[in-house]
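Given next are the chains, with one letter for each unit.
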Amino acid sequence: MSKFQFVVFDWDGTLMDSIGRIVSSMQRTAEHVGLAVPSEQATKDIIGLSLEPAIERLFGVLDSQKKQTFLERYKDEYVTLNTVASPMFDDAVNSLEALRSSNVQLGVATGKARRGLDRVWQETNMAQFFPYSRCANESKGKPNPDMLIELMHEAGYSPDNTVMVGDSIHDMKMASAAGVFPIGVTMGAHRADQLKAAGAEYIASSLTELSNFILKERL
């Protein structure tokens, strides 16, 4: 049996071109609450983590009031205030359609909270592709493997026939820890060399390349 039966995707930077919006929102929030504004690369390095650990990694431990202010402002920035576009990648729908029509089961494992994932699904009509999903507020955050383990258990697949696709080193480390095949994509947070160093066994530069590779391996 092919090991490419169940393909789990990260969301931001993998299916949605949202890295610029995340970086801008994080920087503007830091400025608003009086913290040192992190560099673009430092901010990219925390993408994929759930929000609170990401904030702590960038800014250290904040007191409870400042942390709450930061969380509320960041959510306002990302959802309503920030005007940086965050569309789906151009080939996302066609690539997902190609996989689904070849009986590949699809899932999502994301650092977003459920509310955030549901919001973008409603905006993009993408929920139709993903019967299985796990969010950061429903499990332990990346790179802990629990999200993948829970998804495999729910969907009825094993590590031998599961693939994790993501744009960050946190995705690759989670995949390796769960024993699934890690595939990196280079449209988001981290470069190919960083993804390979974190465990990626294949690197794709687009979702079209990714879906073609998976379908070829299934033959």
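The present account deals with the structure reproduced in this document. (Residues numbered from 1 in each chain as written. Predicted model: local features only at pLDDT ≥ 70, side-chain atom pairs only at ≥ 80, totals over all residues. Heavy atoms only, no water.)

Regarding helix H10 (residues 207-217)
When we look at burial in H10, the residues that qualify are Leu207, Leu210, Ser211, Phe213 and Ile214. Taken end-on, H10 shows its buried residues confined to a sector of 160°, consistent with a single buried face. Tucked into the core, H10 has its buried residues touching strand S1 (6-9), helix H5 (92-101), strand S4 (162-166), strand S5 (181-185) and strand S6 (202-204). (Buried < 20%, exposed > 50% of the residue type's maximum accessible area, 1.4 Å probe, protein only. Helix = DSSP H or I, 4+ residues; strand = E, 2+ residues; numbered from the N terminus. Arc of directions from axis to C-beta. Contact = heavy atoms within 4.5 Å.)

Observations regarding helix H3 (residues 51-59)
Side chains that are three or four residues apart share a direction in an α-helix, a result of its 3.6 residues per turn. Every buried residue of H3 is accounted for by Ala54, Ile55, Leu58 and Phe59. Buried residues of H3, seen end-on, are gathered within an arc of 105° and therefore sit on one face of the element. As for H3, its buried residues are in contact with helix H1 (19-33), helix H2 (40-44) and helix H4 (64-81). Remark: Gly60 follows H3 within two positions and exhibits a positive phi of approximately 80°.

Notes on the nonpolar core
In terms of nonpolar packing, the biggest core is built from 51 residues, with Phe9, Trp11, Phe59, Phe70, Leu106, Phe130 and Ile183 touching the most fellow members. The dominant element in this core, judged by the number of residues it contributes, is H1, at six residues. Setting aside anything within four residues of it in sequence, one finds Phe59 in contact with Met26, Ala30, Leu35, Ala36, Pro38 and Phe70. One finds Phe6, Val8, Ala155 and Met174 within the second-largest nonpolar core, a separate group that totals 14 residues. (Core = buried A, V, L, I, M, F, W, Y, C linked by side-chain atoms within 4.5 Å.)

A word on unusual backbone geometry
The amide bond that connects Lys142 to the next residue, Pro143, takes the cis arrangement and shows omega of 5°. Of note, Pro143 is situated in the loop between strand S3 (132-135) and helix H7 (146-155). Residue Asn103 is not a glycine yet carries a positive backbone phi of 65°. Counting through the fold element by element, Asn103 comes out in the loop between H5 and strand S2 (105-110). Owing to a relative accessible area of 64%, Asn103 belongs among the exposed residues under this scheme. A positive phi angle is found at Asn125, which is not glycine, with a value near 60°. Turning to its location among the elements, Asn125 is positioned in the loop between helix H6 (114-124) and S3.

Details of the sheet that holds S6
In space, the six strands of this open sheet follow the order S3-S2-S1-S4-S5-S6, with parallel pairing throughout. With one partner strand each, in any of the chains shown, S3 and S6 form the two edges of the open sheet. Between one strand axis and the next, the sheet turns through 20° on average, direction left out of account. Pairing geometry for S1 and S4, over four bridges, is parallel. Along S4, the bridge assignment pairs Val7 with Val163. H7 contacts S1, S2, S3 and S4 of the sheet and is inclined by roughly 155° relative to S3. (Pairing = 2+ DSSP bridges. Axes fitted to C-alpha atoms, helices over the stretch in contact; angles between N-to-C directions.)

Digging into the environment of Thr83
Inspection of the secondary structure assignment puts Thr83 in the loop between H4 and H5. Note: C-alpha distance between Thr83 and Arg21 (62 residues apart in sequence) is 7.8 Å.

Comments concerning the packing of H7 against helix H8 (residues 169-178)
Following both chains from N to C, one finds H7 and H8 inclined at 55°, their axes separated by 8 Å at the closest point. Compared by their axis directions, H7 and H8 come out oblique. Classified by chirality, the crossing of H8 by H7 is right-handed. Facing H7, whose interface residues are Met147, Leu148, Ile149 and Met152, H8 presents Met174, Ala175 and Ala178. Of the residues that constitute the contact of H7 with H8, the class distribution is seven nonpolar, no polar and no charged. (Parallel < 35°, antiparallel > 145°, perpendicular 65-115°, else oblique. Left-handed = near helix turned anticlockwise from the far one by under 90°. Nonpolar A, V, L, I, M, F, W, Y, C, P; charged D, E, K, R; others polar.)

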